Amino acid sequence: MEDATAGATVFYDDEDDCLDYECLHNNVEYDYDYADSEKETLHELYQYCLSPSLYDTGYHLLPLLGSTILFRLFVHTEYISYRIFHILSVIIGLYIIQHYVQESLIVLIVFVLLSYGILYVPKKWHRDTGIFLPSLLIIAYCEFSMQPVIWHRIRSVIMTMVMKAISIAIDVNDSNKVPDVYSFMGYMFCGVTCLFGPWISFKDYLSLRYSNYQTKWWIICSLGYAFLSFVFLSISNCWTQWIFVDNSWKWLIAYRDALSFRTSHYFVSYIASTLLVLGGFPLSSSAIVKPLFIEFPRSLVQVVIYWNIPMHYWLKTYIFRPSIKNLGKFGAVTVTYLISSLLHGLNFQLAAILLSLGFYTYVEFQLRAMLADIFDACIASKQCVKQRCTHKYNSFNCWWVFMTNLMFSGLAMFHLAYLGLMFDTSDLQETGYSYRHTITKWSELGFASHWVALATYCIYLLIK
């Protein structure tokens, strides 16, 4: 399953974080279909789905967990020199890539070497565009030369590498200080983040050796993250299919498929958080996703922010803010959307979701901001801090404000079910979903979400 509501909001600025694009990192490798039409008993669910799914996944992750603990030992071993640490980081990363996504190994090595060479090209020769050249080349190569099954499987690994390369290239472009080859390679192939991500800054990677951010509770935190990841894995692979059977109402089926997809994303995100804590990164950097803000959202704006927090920060820092200086807000949003789509590959389904989500969040943000001003009520897309809220009416002192926010929350859940329903458990998930699959899935529900969004936009225009 792959992460898709990592979408775009068309209204984005420094004050309101209304743009996030998922880190479409995320493949759950174990999917168990139900052969019988009758509903399984709990014992059968445990025997044929829960037990093999959790056991096989845990066994599959053992080399990754062992490599991460080894990386942590290298981080805290004072006798290892600066260069040796980065070399060991590269070795661990190469081993993980070779073990899990062998098809991407040569491509990634060539990409990293080319990216490092670009850092030495004088700025006057490329005028800020050269830093994106290696990223464009590797994505185009993978898109057009690899088999769809392989490209679909390694896409998240490529995307994480591309984000690292672009961020460090922009930092170098601003500071004119090229990192040494050891730290650059160690950062790019860091075994903690090379497989599942998330993106981490070069500064955070370098600071591992010199600061001890973690408390004595790091073991408990990592176990907690691991436990949550397997809970979400069981929900994605087993419980959703067991609770919502195939002959249910079509909107329940849509919610089931979307929920299964979202929980698979939570599973991968919490595995990534587990690896970050085990690898020695600070607990503050381990927050990747916030499921409660997505499953019970105040707004779609909130969903796209908390779907993938590190990627949201990356897009805002390295794409939106540099673009807004020369292109203005609309141009910067457009470029940010294009970069996000490119990172996810040339896929119609992802582009359709990003574009739809961008329109939805734009309409919602504008409408709710206008209503908040008209009624002096705390009903905007982003909730005010309680102590700093300047609105006369809020959810704590006025029932209709609470009900209005609850209505928009229900509307966001409706849109999420609609946008995520095409990420089902069909064979297409192995190769990526096609144009026909996307249109067919939405047409089965009468394009209801798009019609509702259009009606909402018309209401906004009439009030405006």
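These figures come from a predicted structure and were not determined experimentally. (Residues numbered from 1 in each chain as written. Predicted model: local features only at pLDDT ≥ 70, side-chain atom pairs only at ≥ 80, totals over all residues. Heavy atoms only, no water.)

### Description of the environment of glycine 410
Piece 1. Note on placement: glycine 410 falls in helix α15 (residues 399-420).
Piece 2. The partly exposed category is assigned to glycine 410, whose relative accessible area is 36%.
Piece 3. In the structure, glycine 410 is positioned 111 residues away from serine 299 in sequence and 8.8 Å away in space, judged by C-alpha atoms. (Helix = DSSP H or I, 4+ residues; strand = E, 2+ residues; numbered from the N terminus. Buried < 20%, exposed > 50% of the residue type's maximum accessible area, 1.4 Å probe, protein only.)

### Side note on empty space enclosed by the protein
Piece 1. Counted according to the given criterion, the structure contains 6 cavities of 30 Å³ or more.
Piece 2. A volume near 100 Å³ is recorded for the second largest cavity.
Piece 3. In this structure, the second largest cavity is lined by Leu300, Tyr360, Val363, Glu364, Phe408, Leu411, Ala412, His415, Ala453 and Thr456.
Piece 4. Every element with two or more residues in the lining of the second largest cavity is listed here: α14 (348-375), α15 and α17 (448-463).
Piece 5. In terms of residue count, the dominant contributor to the lining of the second largest cavity is α15 (4 residues).
Piece 6. Across the lining of the second largest cavity, the residue classes break down as 7 nonpolar, 2 polar and 1 charged. (1 Å grid on protein atoms, 1.4 Å probe; cavity = no way out; pocket = protein on both sides within 12 Å on 5 of 7 lines; lining within 4 Å. Points joined across faces, edges and corners; volume = space filled by probe spheres on them. Nonpolar A, V, L, I, M, F, W, Y, C, P; charged D, E, K, R; others polar.)

### Focus on the confidence of the model for the protein chain
Piece 1. In this model, the protein chain carries a mean pLDDT of 82, and residues with pLDDT of at least 70 account for 85%.
Piece 2. Long-range and interchain partners of residues 1-36, a stretch whose pLDDT sits below 50, account for 177 contacts in this model, where long-range means more than four residues apart. (pLDDT = per-residue confidence, 0-100. Contact = heavy atoms within 4.5 Å.)

### Observations concerning helix α10 (residues 250-278)
Piece 1. Here α10 is 29 residues long and its end C-alpha atoms lie 42 Å apart, about the 42 Å a rise of 1.5 Å per residue gives.
Piece 2. Most of α10 is tucked away: 26 of the 29 residues are buried.
Piece 3. With its phi angle positive at about 105°, glycine 280 sits one or two positions after the end of α10. (Expected span 1.5 Å × (residues − 1).)

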